[in-house]
Structures are given as C-alpha cells and as structure tokens.
Amino acid sequence: MKGARWLVPPGFIVAALLLWEAAVRALHVPAYLLPAPSAILASMDAALFGHFATTLGEALAGFFLASSLAFLAALAFVRSPTLERGLFPLAVTLKTTPLVAIAPLLVLWLGTGWASKVAAAALICFFPVLVNAVRGLKAADLDYRELFRTMNASPGQEFRKLRIPFALPYLYSALKVSSSLAIVGAIVGEFVGATKGLGYLIVLSSSHLETDVLFSAIFAAALAGIAVFQVLGWVERRAVFWQEAQAE
Amino acid sequence: MASADEAAPCIELEALSLRFGALKVLEGLSLTVREREFVSLLGPSGCGKSTLLRAMAGLVAPSGGAVRVCGRDPREGTQGLQLSFMFQKPLLLPWRTTLENVLLPLEIALGGNRASPLDEAKAQRILRRVRLEGFESAYPRELSGGMQQRVALARALVSDPEILLLDEPFGALDELTRDALNEELVRLWLDPQAPLKAVVMVTHSLHEALAMSDRVFVLGARPAGLRETVEVPLAHPRRPESAEFIRLQGRLRALVREPA
Ligand SMILES: Nc1ncnc2c1ncn2[C@@H]1O[C@H](COP(=O)(O)OP(=O)(O)O)[C@@H](O)[C@H]1O
Ligand SMILES: [Mg+2]
C-alpha cells in the first residue's frame, strides 16, 4: 500500500475522467459545450503536437533569455546600490503592468512570428527572477561576509563562493514559478496574433466551436506547465541539495 | 612567555574608542599584545569583547584612537598579514563538506583555484588535530554544533596564521571536548614549527583563560576600558589543582564580580 501511494493522484484523475465521460453520455450534453474525454482524446493529433512544440519552444526561449538577463541585472543591482535605487522601482512598476495589456504592443513591434511570443514569455519571467535573485544575493549574513573579509577574499570571490550559492535557493524557487509563467506568456502572445501555437489553436477552435480541439489545446497547455515545473523542481533538488527552498 | 617585556609589540591598541551610533562600546582602551604572547579577554557579556576583536581584524572602524597589527592599520587590508579569525558561530558553508570548508581559505589565497593534493593533505592533518578524522566528506548539517566549531577551528588554522583571533571559540562545546581542544591549541601554540606569533582569545571561562594564556585582560562594563591586566606566570602544562592556579582563579573571580 505504501509503495503505491504515488498512484493516488492519477487514480483520482482517471476516476474524474470516467465520471465526466459517463455524465456527458447519460445527459446527452452537446459536444460544442462539453465534449466527452474520449472525443477530446480522438481530436489529439500530430497538428496538436506541432502547436504544443511551438509554444513550448517559445516559452523556453523566453524563459532562458529572461532568467539570464534577470540574473545579470541582479548582479549589477547588488554591486551598485545607485543602479538598484534608480531602476528597481521601475522594474516593480513594469512588473505590475498586466502582460495582456502589453502583448498587442509586442506583436506590433515584433510581428506575428515567434519573436513577439518569446518577448512576452521573457517579460513575464523576468521580474520574479530579478526580485528573488536580488534578495538571494543579499541573503548571506554580515557574519559570513566578515569571514570572507578576514580571509582577504576579493569581491569576485565573495560572489562566486558565498553570495551566488546563498542565492541559489531563492533563484530556483523563482525559476520554478517563471517556467510555468513562460507558457502563459507565450500563449498570451499567440492570442494577440499568431499562425501557430497553442494560443492560436485555442482562439481558432473556440471561434469555430471545435470544443474538442479547444479542450485538447487546454490540456496540452496544462501539461506543458506541469512538465516544466517538475523538471525545474528536479534540477532544484540537485542544485540546492543542502536545503529546502526558502523563498516563494 | 617569560620575557614578554622585551618582546616586540604585535597588536597595539591606543586610546581606542568605538561607537555604533549613539552606543559607546569602547572608550579610551589601550593595550598591547607582544610577540609570542597568548592573551585572553574577559569581561561581562555585551561589554564589547567581540567588537574589540573585530577592530583588531579591521572589520570595524574605530571612532577614535588607533589599532596597529604588526605595525599596520588592519583597515588598510590584511594582505600578507597571516591573520585568522574564529567567530562565535561556526559559519560553515552548508554546500561544502568538512574538507572543502577547511580548504576554503587556501582556495581564496590561490585566487579561487582548486586546492592542490598537498593542501588537501595539510587540511586532513589539521582535521586529525581537532579530532575530526572520518568526517571529511560530511556536510555541516550532519555534524553536531561542537563538531562544526571544530571544523571552524581547523579552517582558522589551515592557513598557518601568525595572528589568531578567537571569539569564544569553544563556548558551545561540552567540557570534555573543550578541554581536549584547549590542550590541542596549547600544543599548537608551543609547537616551534608553528608560525603563530600572537593569540587573542575572548572567553567567559576563568579556567580557560588561566589554563591557556600568558596574560588576561579584564574589561569593565560598557563603554569598556581596560580594568586590570593579570599576569599568569605559569609554565605549561598547567595544573589547575596547583596552589598558584587556584590563587589566580580567586583573584580573577573577584575582579570579574566586583562592580565597576
Ligand atoms: N554592528 C553593530 N551595530 C550596532 N551595535 C552593535 C554592533 N555590534 C555590536 N553592537 C553592540 O555593541 C555592544 C557590544 O557588543 P559585543 O562586542 O558583541 O559584546 P560582547 O562580545 O562583549 O558580548 C552590544 O551592546 C551590541 O549590541
Ligand atoms: Mg561576543
């Protein structure tokens, strides 16, 4: 029984799907309102996989781009308090502007291709990583920094051997959250103007009342979000082996 | 050490004053630690002992007076000055094993490169001295508080310091371990091979101060000045049951208890 505990969540999902299937059949719910899971499954094809891969690719590109830039910005902020005082409030303001409001502008500037989606994904990832990386890079106590000073460590050594490792737990919890936000960003970008991707498929299928395709796109988006979160969680447990995540 | 009077000064504090904002911590404090001298700082909790030690290491700036270590101001960098500081807390890096923690000062001295096998052998030797053989690849969270403190001692010793500043190094340890480590430290101090020139140890224990040091500086309440210097003219190994040891202990106890 103990060894089979991991079977519990999938068990519930299967049960819910079976119930759904039975209810739709028994109550004769029209397929354009709520298709049966079997119909949704039947609508999943190679084209869906193509859209899934497009969105995942855009999201990951935006995620890596934003995470690297945010980390570099955090390093600059921590080394230069003037820069931080000047730019941090701007960053916070940008962060509170909803992406849906900016996405049309991105499409206008970067076109309906992949670039505007990568930018949307990057925009949504950037701030959580920046904020947590700054917090993490400051997390090493004064005591530790004094220890490094008594060892005559250079500022660069202090960053490499003290501050960056101290920042990793903060950084990884932000990366985990950002990775699934990146999927959201890419999809929002595709809503505004695209010729492929899950966001495009969602808009298209809903306007054609192809609700089974709509559902399969929703499931694919959820799967992408869960998958990137799990992968990041796996990497985190190995990279930050010495402690539990401490920031959210 | 017997002929301390003639020895050159190693750490000099001249009319040192130090405040944090409105809080005066040290005021007009003058003392000299000579070469080949092991001294202890004794005083009420919160009187400024840690602050004094941090001033010697150049970690805090005095608001008045001067600090000189080997004739230099430690605020202007301690490069080339082999100074090790052991803090009240172990301050181990949790992502490094025992051995890697001990190697840290050597890596930093090498400009951040990995330590050589020779350095590793040296670190292993010091870990044996502090009785941590077999724990080289343990992470700090797997060690008890006392063991962590011993790793911190090993880390302080690995760079062959000339000046060793110890802030209540063994306060968290049980008495047996504490005695054993005190003995080890005295052995290191007496070792003619060791480059140690001066040791300054903050302690709460009269016994520890008398067992190890050549002189004991007794500080008064905040703002702390030097209240009394007690010479300890006893040869090592010291016997705590000897009449002279007991007499000195009584004298120190009276000094520490007496209101300022
Ligand atoms: N960085 C600091 N900023 C402000 N106050 C401090 C700082 N460091 C120590 N103090 C204060 O200075 C006083 C002396 O502290 P400390 O030197 O740690 O005493 P001790 O080690 O003798 O117990 C205490 O009242 C402490 O709160
Ligand atoms: Mg203290």
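Values in this document were obtained by computation on a predicted structure and should not be read as measured data. (Residues numbered from 1 in each chain as written. Chains lettered and ligands numbered in written order. Predicted model: local features only at pLDDT ≥ 70, side-chain atom pairs only at ≥ 80, totals over all residues. Heavy atoms only, no water.)

Trainee: Lay out the confidence of the model for chain B with the relevant residues and their values.
Mentor: The predicted coordinates of low-pLDDT regions are not to be read in fine detail. Taken as a whole, chain B shows an average pLDDT of 89; of its residues, 95% reach a score of 70 or greater. Across the assembled chains, the prediction reports ipTM 0.91 with pTM 0.86. (pLDDT = per-residue confidence, 0-100.)

Trainee: Run through the site of ligand 1, naming residues and quoting values.
Mentor: All names here are of chain B. Every residue near ligand 1 is listed here: F20, L23, V25, S45, G46, C47, G48, K49, S50, T51, R54 and R222. Between an oxygen atom of ligand 1 and a side-chain N or O atom of S50, the distance comes to 2.7 Å. Look at ligand 1: alone it shows 560 Å² of surface, and the protein chains cover 63% of it. Mapped by element, the contributors of at least two residues to the shell around ligand 1 are β2 (23-34) and α1 (49-56). By residue number, the principal contributor to the shell around ligand 1 is α1, which donates four residues. Within the shell around ligand 1, the residues separate by chemical class into four nonpolar, five polar and three charged. (Near = heavy atom within 4 Å. Polar contact = N/O pair within 3.5 Å; in protein donor to acceptor, adjacent residues only side chain to side chain. Areas by Shrake-Rupley, 256 points an atom, 1.4 Å probe, with all protein chains shown as cover. Helix = DSSP H or I, 4+ residues; strand = E, 2+ residues; numbered from the N terminus. Nonpolar A, V, L, I, M, F, W, Y, C, P; charged D, E, K, R; others polar.)

Trainee: I'd love a proper account of a nonpolar patch on the surface, names of residues and values included.
Mentor: Taken together, L83, L87, L90 and L94 of chain A make up a surface patch of nonpolar side chains, about 330 Å² in accessible area. Summarising the element assignment, L94 of chain A is placed in helix α4 (residues 81-96). (Patch = residues over 30% accessible without salt bridge, like charges linked within 9 Å, V, L, I, M, F, W, Y side chains within 5 Å. Salt bridge = Lys/Arg side-chain N within 4 Å of Asp/Glu carboxyl O.)

Trainee: Just give me the short version of the pattern of salt bridges, but keep the residues and values in it.
Mentor: Residues and elements named next belong to chain A. Per the stated rule, a full pass over the model turns up 24 salt bridges over all chains. Of the charged contacts in the structure, one is a salt bridge between K138 and E84, with a shortest N-O distance of 3.1 Å. A residue pair is termed long-range when its members are at least 10 positions apart, and K138 in the loop between α6 (114-137) and α7 (142-150) and E84 in helix α4 qualify at 54 residues. By relative accessible area, K138 is classed as partly exposed at 43%. Looking at E84, the relative accessible area reads 15%, which means it is buried. (Buried < 20%, exposed > 50% of the residue type's maximum accessible area, 1.4 Å probe, protein only.)

Trainee: With reference to specific residues and values, describe empty space enclosed by the protein.
Mentor: All names here are of chain B. For the coordinates displayed, the defined rule picks out one cavity of 30 Å³ or more. Considered as a void within the structure, the largest cavity measures approximately 50 Å³ in volume. Around the largest cavity, the lining residues are R129, V130, L153, L157, L181, E184, L185 and L188. When residues in the lining of the largest cavity are grouped by element, the largest group, four residues, is from helix α5 (residues 175-190). Its residues placed into classes, the lining of the largest cavity shows six nonpolar, no polar and two charged. (1 Å grid on protein atoms, 1.4 Å probe; cavity = no way out; pocket = protein on both sides within 12 Å on 5 of 7 lines; lining within 4 Å. Points joined across faces, edges and corners; volume = space filled by probe spheres on them.)

Trainee: Got a sec to walk through the interface of chain B and chain A? Specific residues and values, please.
Mentor: On the side of chain A, 18 residues touch chain B, which itself brings 26 residues to the contact. Regarding the contact of chain B and chain A, the summed buried area is about 2100 Å², with carbon and sulfur atoms giving 60% of it. At the junction of chain B with chain A, the criterion picks out three salt bridges. With a shortest N-O distance of 2.9 Å, E107 of chain B and K161 of chain A are connected by a salt bridge. Seen at the junction of chain B and chain A, the total is seven residue pairs in polar contact (both at pLDDT 80 or more). Every element with two or more residues in the side of chain B that touches chain A is listed here: β5 (83-86) and α2 (98-109) of chain B. The residue inventory of the side of chain B that touches chain A, partitioned by class, reads 14 nonpolar, five polar and seven charged. (Contact = heavy atoms within 4.5 Å. Buried area = accessible area lost by both parts, 1.4 Å probe.)

Trainee: Describe the nonpolar core, naming the residues involved and giving the relevant values.
Mentor: Among the nonpolar cores identified, the biggest contains 99 residues, and L130 of chain A together with L52, M56, L165 and V200 of chain B are the most heavily contacted of them. At 13 residues, the largest contribution of residues to this core is made by helix α8 (residues 155-192) of chain A. L132, F170, L185 and M212 of chain B belong to the second largest nonpolar core, which has 36 residues in total. (Core = buried A, V, L, I, M, F, W, Y, C linked by side-chain atoms within 4.5 Å.)

Trainee: Can you break down α6 of chain A residue by residue, with the values?
Mentor: Residues and elements named next belong to chain A. The first and last C-alpha atoms of α6 sit 33 Å apart over 24 residues, in line with the 34 Å expected at 1.5 Å per residue. Its axis deflected by about 30° at F126, α6 carries its strongest bend there, up to four residues before the proline P128. Within α6, 17 of the 24 residues are buried, which leaves it mostly tucked inside the rest of the structure. (Expected span 1.5 Å × (residues − 1). Bend = angle between axes of the 7 residues up to and from the residue.)

Trainee: Just give me the short version of the packing of aromatic side chains, but keep the residues and values in it.
Mentor: All told, the structure shown has 14 aromatic pairs over all chains when counted by the stated rule. When the ring of F63 of chain A is compared with that of F64 of chain A, the centres are 5.3 Å apart and the planes differ by 65°; the resulting orientation is edge-to-face. Assessed through its relative accessible area of 4%, F63 of chain A is described here as buried. Judged by centre distance (4.3 Å) and plane angle (25°), the rings of F85 of chain B and F87 of chain B are stacked. These aromatic residues form a ring-pair network of at least three members: Y144, F166, F241 and W242 of chain A together with W95 and Y139 of chain B. One residue, R163 of chain A, lies across the ring of F159 of chain A, its end atom 5.2 Å from the ring centre. One Lys or Arg, R36 of chain B, reaches over the ring of W189 of chain B and ends 4.1 Å from the middle of that ring. (Phe/Tyr/Trp six-rings, centres within 6.5 Å; stacked < 30°, edge-to-face > 60°. Lys NZ or Arg CZ within 6 Å of the ring centre and 35° of its normal.)

Trainee: Residue-level account of the sheet that holds strand β6 (residues 163-167) of chain B, with values.
Mentor: Residue and element names in this part refer to chain B. An order of β5-β6-β7-β3-β8-β9 is seen for the six strands of this open sheet, with the pairing classed as mixed. With partners counted over all chains shown, the strands left at the sheet margins are β5 and β9 (226-231), one partner each. Between one strand axis and the next, the sheet turns by 15° as a mean value, whatever way the strands run. Bridge analysis of strand β3 (residues 37-42) against strand β8 (residues 215-219) gives four bridges, and the strand direction is parallel. Each bridged residue has a counterpart across the sheet, and for V39 the counterpart in β8 is R215. (Pairing = 2+ DSSP bridges. Axes fitted to C-alpha atoms, helices over the stretch in contact; angles between N-to-C directions.)

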